Structure formats: structure tokens, C-alpha cells
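# Understanding the architecture of this molecule
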Amino acid sequence: MDYILNGFIRAFQLIISLNKELYEVIFLSIGVALISTTIISVIFIPIGLKLGLRKFKGEVFFARTIFSLMGIPSVVVGLVVALVLSRNSVFGFLQLLYTPTAIIIAQSFLILPLCLSLTYTLSRSKARKINRVGKILGGKRKDRLFLILFELKDELLIIVITCFSRAITEVGAVMIVGGNLKGSTRVMTTSISMLNSMGDYSTGIALGIILLGITFLINNFIYVHKIEVNN
Amino acid sequence: MKKDIKIIDLKKAFNRKDVLNIPELTFKNGGISYLVGENGAGKSTLLNILAKIDKEYQGKVEDSFIDNEISLVDANPYMLKGNVYKNIEYPLKIRKRENIDESMTALLDIFNLKTLKNKEASKLSSGETQKVAIVRALSFSPKLLMLDEPTSNLDKTAKLELIDILEKYNQKGNTIIVVTHDHGFFENLKGEKIVLEKCKNRIKEEFKI
């Protein structure tokens, strides 16, 4: 048990001493998760809202598909992205495999169904009502769009944070497409996995504490915000 | 001067079941019309069509109102986020009306809503919600006002207040269409009564391969 206690002590030492390598890993993790979340949110939140507002053929099939894709194993996503980006494949000429961009692509594909399905569900349950009120009160298309975004801003923020939380805690796909290269594609989750294999528990625990802290803060924020929204 | 609303051969179906089948119907401009009928007769559906929210139907609906001049109050109105003031102010804001503050003060005064103006809309009682929704619908002075079961959550005093408001509003030449089961309502406010009969929900012919 000593090594766990020592791990905690060493962890705090690393955090306080502003260890360069540790913080590089932290910032890269936050950076790639932020970029993938931003890309997916900007593209798929409007699409999800738009799809939820109208009735269309194949609606049930679409809903079933995106909900099913929410449970897709991350290693499968990683494998597909790695295959597509590998040297001899379609996008091999871009030389993106084992780069932070590859991690962003994998995370983006991973959180896409989450973002789309949550936004679509929200749109169906609430945006339709808001759109109707906007129409009834004489709002033009632009007025109604702003009204929907304003009315649902809290719920949409929760969706964005949920996607970020999913992206930053991801390990399987990131390990496959990033390769956990020191100083290049090493993020918190892949580092923890590697450090555990190496028996370097102190640094592993340090990263674990930080990752736990970030996810705890995010989930706590979501929980408090959800209560506020429900009230 | 607006023309009468004329409905010619209006048909509407949901899931291959007819919910509306009106060969001919006219709503007089500047008049008060009551739509009555049993549940499922298509009263609310007709209001949606007249409000130009539902455009998927067969037949003709001829009127001279533009979207901006029509207002509809749902049976269960949705309140926007924020307080009562923000809700009533919204239609005026999107129309970029001048002197909104003055108009709002007058509206809140006329409808006795001064005490509620800072109350969160989500915390209103069902009766208060209905009242605020009616005021919100009237705030921009629509030429055609439609109300779906407006008295379902109102007490006797509020009902009489509403009748008084609608009477004054109608005297200005505006058209009112009300869906209601409340006999007391249309006994106090004279208008034309239109009974919608429930469609025989015929299933259209199916072709089996």
C-alpha cells in the first residue's frame, strides 16, 4: 500500500513543481479535446437542431442509428481512423497518423453521435415548442433561430461539456491513432496507461488526480447546471 | 380593410386518417367566431392552418392577413425563459417597435399584471400562464386573434376580465376566433358559433402487393 501513498505524495510534488513534461501532456489533452469538441459542436449542433425541428422520411431509422452509434467502441473508431490515415490508405498522403490531428479526428468521430443525438433529442422535445411560439408571435426565421438558441443555451452548453468530457477521457482510439509519442501525441489517458505498465505509479497517480479533477469539475458543473435548468 | 376568411374544400389527414374535411366555411372579418365540437373534431388543427403554422393540407384558405398580423394562444401555452415582462415584450422587440417601455407599462396596467411583471414565467400558476400568454398574443395588436380553450385555467373574475378585453379588442375591427367548450364564455360575448363535426376517420385504400 506504501507505493500508493508515495504515489500521492509524488503526484502533488509533480503538480506543485510545475513539471514541464507533465504539463505538456495536460495541455495537449485539453487542447485536442477542446478542438474536437468545438469542431463537432459548431457543425452538428445546428444540424441536430434543424433535423429535430422537422419531420422527415426515415426519421425513426435516423434516430435509431445515431443512438446506436453512441455506444460504438472507441477502439473501433480508432481502428477505422488509423486504417484510413495509414500510409498506404486513402488519406495516407496527408501523413496525419500519429499526430495530434489524428487524435482530434478520432475524438471528433467518437463524440459526433453523442453530440448529434443529444441535440436532436433536445430539438424534438423542446425546440419544436419554442419554434412554434416564435411563429405564433410573428418571428421570422432569423428571430426564431436566435430564440431557440437563447432558450436552449443551458441545455446546449451541457451537451458541449458532455462531449468535451467524453473526448478528454478517451483512451482506446487515441492510443491507436496517436501512438502515445513522447512530446507529440502523449495525452493524459495514454500516459496513465503507459505509466501503469512501466510501474511509475507516482506520475500515473498525478495525472490520474488531474484527469479526475477535470472530469469532476465538468460533471459537477453539469450537475449543478442541470438542476438550475430543471428549476 | 381585410377580407373575410374563406375556406374551400379543406382536407387534412394524419396517418391516413381524415381529421378535417370542411367543404365551405367563412369567418367574418371583424367578427367573433366560436369553434365548438367534440374532441378530435379538428378545432386546434384548423387554428394551426388559419395561423399559417400548418401548411400541409388540401384545399384553399383565402385570407388577407400576413403572418405578422396573426396571433394564436395555445391551450397549454409555452412560456419563454425569463420573467413575465420579457415574455410580453418579445413580440414587440422582434417587430422593433418604438417606445417599448411605454407600451409595456400600458399593457401591464390594462391587464393588471404589474405585480407579476418580475415573476419568472416558469413559476406562474396555470391561470397566470394563460393570462400572460393572452396578453403576449395581444401585445402587438394582431388583426386576427385565435384562442384555443382560453378559459380552461381561468377563474370567474379572470374570465370576465378576458371577455371585457376581447370585446374592446373586437370593437376596433379585429377578428377573433375562439375554440372553447365554455358555454358561459360565448353567452357573455356574442359571436357566431361554428360546430365542427368529427370526421369519419376513413382509412384510405391500401394497395397490397
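Quick look at the structure, then. (Residues numbered from 1 in each chain as written. Chains lettered and ligands numbered in written order. Predicted model: local features only at pLDDT ≥ 70, side-chain atom pairs only at ≥ 80, totals over all residues. Heavy atoms only, no water.)

### Notes on the overall build of chain B
Tallying secondary structure elements over chain B gives six helices and eight strands in all. With the C-alpha coordinates of chain B rotated into their principal frame, the extents come out at 65 × 40 × 35 Å. Counting only residues that meet the buried cut, chain B has 50% of its 209 residues in that class. Look at the contacts in chain B between residues 6 or more apart in sequence, and 70% of them connect residues 24 or more apart. Looking at charge distribution, chain B has the averaged site of its 36 positive side-chain charges lying 2 Å from that of its 31 negative ones. (Helix = DSSP H or I, 4+ residues; strand = E, 2+ residues; numbered from the N terminus. Buried < 20%, exposed > 50% of the residue type's maximum accessible area, 1.4 Å probe, protein only. Contact = heavy atoms within 4.5 Å. Lys, Arg positive; Asp, Glu negative; His and termini not counted. Charge placed at Lys NZ, Arg CZ, Asp CG, Glu CD.)

### A short note on the overall build of chain A
Scanning chain A from N- to C-terminus turns up 10 helices and zero strands. Mapped from its N terminus to its C terminus, chain A presents α and β elements in the order α-α-α-α-α-α-α-α-α-α. Principal axes of the C-alpha set define a box for chain A whose edges measure 65 × 50 × 25 Å. Burial analysis of chain A (231 residues in total) assigns 46% to the buried set. The long-range fraction of contacts in chain A, counting pairs at least 24 apart against all pairs at least 6 apart in sequence, stands at 76%.

### Remarks on a nonpolar patch on the surface
Residues and elements named next belong to chain A. On the surface, Y3, I4, F8, F12, I16 and Y201 cluster together to form a nonpolar patch covering roughly 610 Å² of accessible area. When residues in the nonpolar patch are grouped by element, the largest group, five residues, is from helix α1 (residues 2–16). Structurally, F12 is set in helix α1. Assessed through its relative accessible area of 45%, F12 is described here as partly exposed. (Patch = residues over 30% accessible without salt bridge, like charges linked within 9 Å, V, L, I, M, F, W, Y side chains within 5 Å. Areas by Shrake-Rupley, 256 points an atom, 1.4 Å probe, with all protein chains shown as cover. Salt bridge = Lys/Arg side-chain N within 4 Å of Asp/Glu carboxyl O.)

### Structural notes on the environment of I22 of chain B
All names here are of chain B. Examined against the element boundaries, I22 turns out to sit in strand β2 (residues 17–27). In this structure the C-alpha to C-alpha distance between I22 and V73, which are 51 residues apart in sequence, comes to 23 Å. Residues within four places of I22 in sequence aside, it is in contact with I7, I8, D9, L10, L46 and L196.

### A look at the pairing of strand β1 (residues 5–14) of chain B
All names here are of chain B. One ladder, built from nine bridges, connects β1 with β2; its direction is antiparallel. If you follow K6 over to β2, its bridge partner there is T26. Here β1 folds back onto β2, and the loop between the two strands holds two residues, one of which, N15, carries a positive phi near 45 degrees. Pairing of β1 with strand β4 (residues 58–62), which is carried by four bridges, proceeds in the antiparallel orientation. Note on β4: the bridge partner recorded for K6 is E62. (Pairing = 2+ DSSP bridges.)

### Let's talk about the pattern of salt bridges
In the structure shown here, the tally under the stated rule is 15 salt bridges over all chains. Between R124 of chain A and E59 of chain A there is a salt bridge whose closest N-O contact spans 3.6 Å. Taken as a pair, R124 of chain A in helix α5 (residues 100–136) and E59 of chain A in helix α3 (residues 59–69) lie far apart in primary sequence, 65 residues in all. Taking relative accessible area as the criterion, E59 of chain A reaches 12% and is therefore assigned buried. Residues participating in the shared-partner salt-bridge network are K126, D154 and E155 of chain A together with K81 of chain B.

### Focus on the environment of K135 of chain A
Secondary-structure assignment places K135 of chain A in helix α5. Excluding its chain neighbours within four sequence positions, the residues that come into contact with K135 of chain A are R144 of chain A together with I53 of chain B.

### Observations concerning the interface of chain B and chain A
Contacts between the two partners involve 20 residues from chain B and, on the opposite side, 16 residues from chain A. Summing both sides of the interface, chain B and chain A together bury roughly 1600 Å²; the carbon and sulfur share of this comes to 55%. Looking at the side of chain B facing chain A, the largest losses of area belong to I53, Y78 and K81 of chain B, adding up to 41% of the total buried there. Where chain B packs against chain A, one counts three salt bridges. In this structure, K81 of chain B engages E155 of chain A in a salt bridge whose closest nitrogen and oxygen atoms are separated by 3.5 Å. Across the chain B-chain A interface, the total number found is five residue pairs in polar contact (both at pLDDT 80 or more). Counting only elements with at least two residues in the side of chain B that touches chain A, the list comes to β5 (70–73), α2 (84–94) and α4 (126–138) of chain B. For the side of chain B that touches chain A, the residue count by class is 11 nonpolar, four polar and five charged. (Buried area = accessible area lost by both parts, 1.4 Å probe. Polar contact = N/O pair within 3.5 Å; in protein donor to acceptor, adjacent residues only side chain to side chain. Nonpolar A, V, L, I, M, F, W, Y, C, P; charged D, E, K, R; others polar.)

### Focus on the nonpolar core
Counting residues in hydrophobic clusters, the biggest one holds 116 residues, and the most contacted among them are F27 and L46 of chain B. Sorting elements by how many residues they give to this core places α5 of chain A first, with 11 residues. Leave out the neighbours within four places in its chain, and L46 of chain B touches I7, L10, L20, I22, L25, F27, L35 and L196 of chain B. Among the nonpolar cores identified, the runner-up in size contains 16 residues, and V32, V77, L85 and L97 of chain A belong to it. (Core = buried A, V, L, I, M, F, W, Y, C linked by side-chain atoms within 4.5 Å.)

### Considering the sheet that holds strand β3 (residues 32–36) of chain B
Residues and elements named next belong to chain B. Here five strands make up an open sheet; going across it, the order is β5-β6-β7-β3-β8 and the pairing parallel. Where the open sheet ends on each side, the last strands, each with one partner, are β5 and β8 (192–195). The average angle at which neighbouring strand axes cross in this sheet is 15 degrees, direction not considered. Contacts between α4 and the sheet are confined to β5 and β6 (144–148), with β5 contributing the most and set at about 175 degrees to the helix. (Axes fitted to C-alpha atoms, helices over the stretch in contact; angles between N-to-C directions.)

### Observations concerning unusual backbone geometry
When glycine is set aside, most residues are seen to have a negative phi, and most peptide bonds are trans. The backbone phi angle of Y98 of chain A is positive, close to 65 degrees, even though this residue is not glycine. By the element assignment, Y98 of chain A lies in the loop between α4 (74–85) and α5. Positioned with a positive phi, K52 of chain B is a non-glycine residue whose angle comes to about 65 degrees. Along the chain, K52 of chain B falls in the loop between α1 (43–50) and β4. Overall, K52 of chain B belongs to the partly exposed group, its relative accessible area being 23%.

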